[in-house]
Amino acid sequence: MGTTMSRMTTQRKVILEELRKVRSHPTAEEVYRMVRTKLPRISLGTVYRNLETMSEAGLIKRLDMAGNQRRYDGDCTPHVHVRCTRCGKMADSESIAGTGPGGEADIVPAEVEGFRITAVKILYEGVCPVCWRRGEGARQDETGA
């Protein structure tokens, strides 16, 4: 979160407003589609650049989850995420047992070779209700059976 933005442009303001309206953790392409309703002439490249700039400035979170498209979160408060292993949909976890005073997961590593811990990212994986209903639920290799 070290980079400072030169200013809050109209484009950045609209992107931030649209991102904070949703909890779906959209991709840059999805943000682009949302923003185009208000800024029809904006380009996808502009949306990408502004998302990265705002992420670096700490206004939004960039969610880099292994093997999936990069997603963005307008909620910068500490919270955990869950991702569907079938369709990639992401959601916030409403509650988690053992949360700390700031809402972060209360997990402390035993010892980490002199590291100073600055952040914790927790991602639960599972199958969303839509995929489960489609019959794309847990397979034998995921259940440990």
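Before reading on, note that the structure itself is shown above.
Parameters at a glance
- Residues numbered from 1 in each chain as written.
- Predicted model: local features only at pLDDT ≥ 70, side-chain atom pairs only at ≥ 80, totals over all residues.
- Heavy atoms only, no water.
- Helix = DSSP H or I, 4+ residues; strand = E, 2+ residues; numbered from the N terminus.
- Patch = residues over 30% accessible without salt bridge, like charges linked within 9 Å, V, L, I, M, F, W, Y side chains within 5 Å.
- Areas by Shrake-Rupley, 256 points an atom, 1.4 Å probe, with all protein chains shown as cover.
- Salt bridge = Lys/Arg side-chain N within 4 Å of Asp/Glu carboxyl O.
- Buried < 20%, exposed > 50% of the residue type's maximum accessible area, 1.4 Å probe, protein only.
- Contact = heavy atoms within 4.5 Å.
- Pairing = 2+ DSSP bridges.
- Axes fitted to C-alpha atoms, helices over the stretch in contact; angles between N-to-C directions.
- Core = buried A, V, L, I, M, F, W, Y, C linked by side-chain atoms within 4.5 Å.

## With respect to unusual backbone geometry
Part 1 of the reasoning: Look at His 25: it is not a glycine, yet its phi comes out positive at around 55°.
Part 2 of the reasoning: Structurally, His 25 can be placed in the loop between helix 1 (10-21) and helix 2 (28-36).

## Comments concerning a nonpolar patch on the surface
Part 1 of the reasoning: On the surface, a cluster of nonpolar side chains totalling about 330 Å² of accessible area is made up of Phe 115, Ile 117 and Val 120.
Part 2 of the reasoning: Checked against the element boundaries, Phe 115 lands in the loop between strand 4 (90-92) and strand 5 (123-126).

## A word on the side chain of Glu 18
Part 1 of the reasoning: Following the sequence through the fold, Glu 18 ends up in helix 1.
Part 2 of the reasoning: Judged by relative accessible area, which is 8%, Glu 18 ranks as buried.
Part 3 of the reasoning: For Glu 18, the contacting residues outside a window of four places in its chain are Met 34, Val 35 and Lys 38.

## As for the sheet that holds strand 3 (residues 81-84)
Part 1 of the reasoning: Taking strand neighbours across the sheet as the criterion, the three strands line up as 4-3-5 in an open arrangement whose pairing is mixed. Of all the strands in the sheet, just strand 4 and strand 5 have a single pairing partner and so form its edges. Across the sheet, the mean angle separating the axes of adjacent strands is 25° when strand polarity is ignored.
Part 2 of the reasoning: Pairing geometry for strand 3 and strand 4, over three bridges, is antiparallel. Bridge pairing links Val 82 to Ala 91 in strand 4.

## Quick look at the pattern of salt bridges
Part 1 of the reasoning: Counting across every chain of the model gives nine salt bridges.
Part 2 of the reasoning: Across the pair Arg 70 and Glu 52 runs a salt bridge, and its minimum N-O distance is 3.3 Å. Taken together, the residues span a long stretch of sequence, with Arg 70 in the loop between strand 1 (61-63) and strand 2 (71-73) and Glu 52 in helix 3 (residues 44-56) at a distance of 18 residues.
Part 3 of the reasoning: One network of salt bridges, in which partners are shared, links Glu 52, Arg 62, Asp 64 and Arg 70.

## So, the nonpolar core
Part 1 of the reasoning: Grouped together as the largest cluster of nonpolar side chains are 16 residues, with contacts concentrated most on Ile 15, Val 31, Val 35, Ile 42, Val 47, Leu 51 and Ile 60.
Part 2 of the reasoning: When residues of this core are traced back to their parent elements, those giving at least two are helix 1, helix 2 and helix 3.
Part 3 of the reasoning: In terms of residue count, helix 2 provides more of this core than any other element does, five residues in total.
Part 4 of the reasoning: Setting aside anything within four residues of it in sequence, one finds Leu 51 in contact with Ile 15, Leu 19, Ala 28, Val 31, Ile 60 and Tyr 72.

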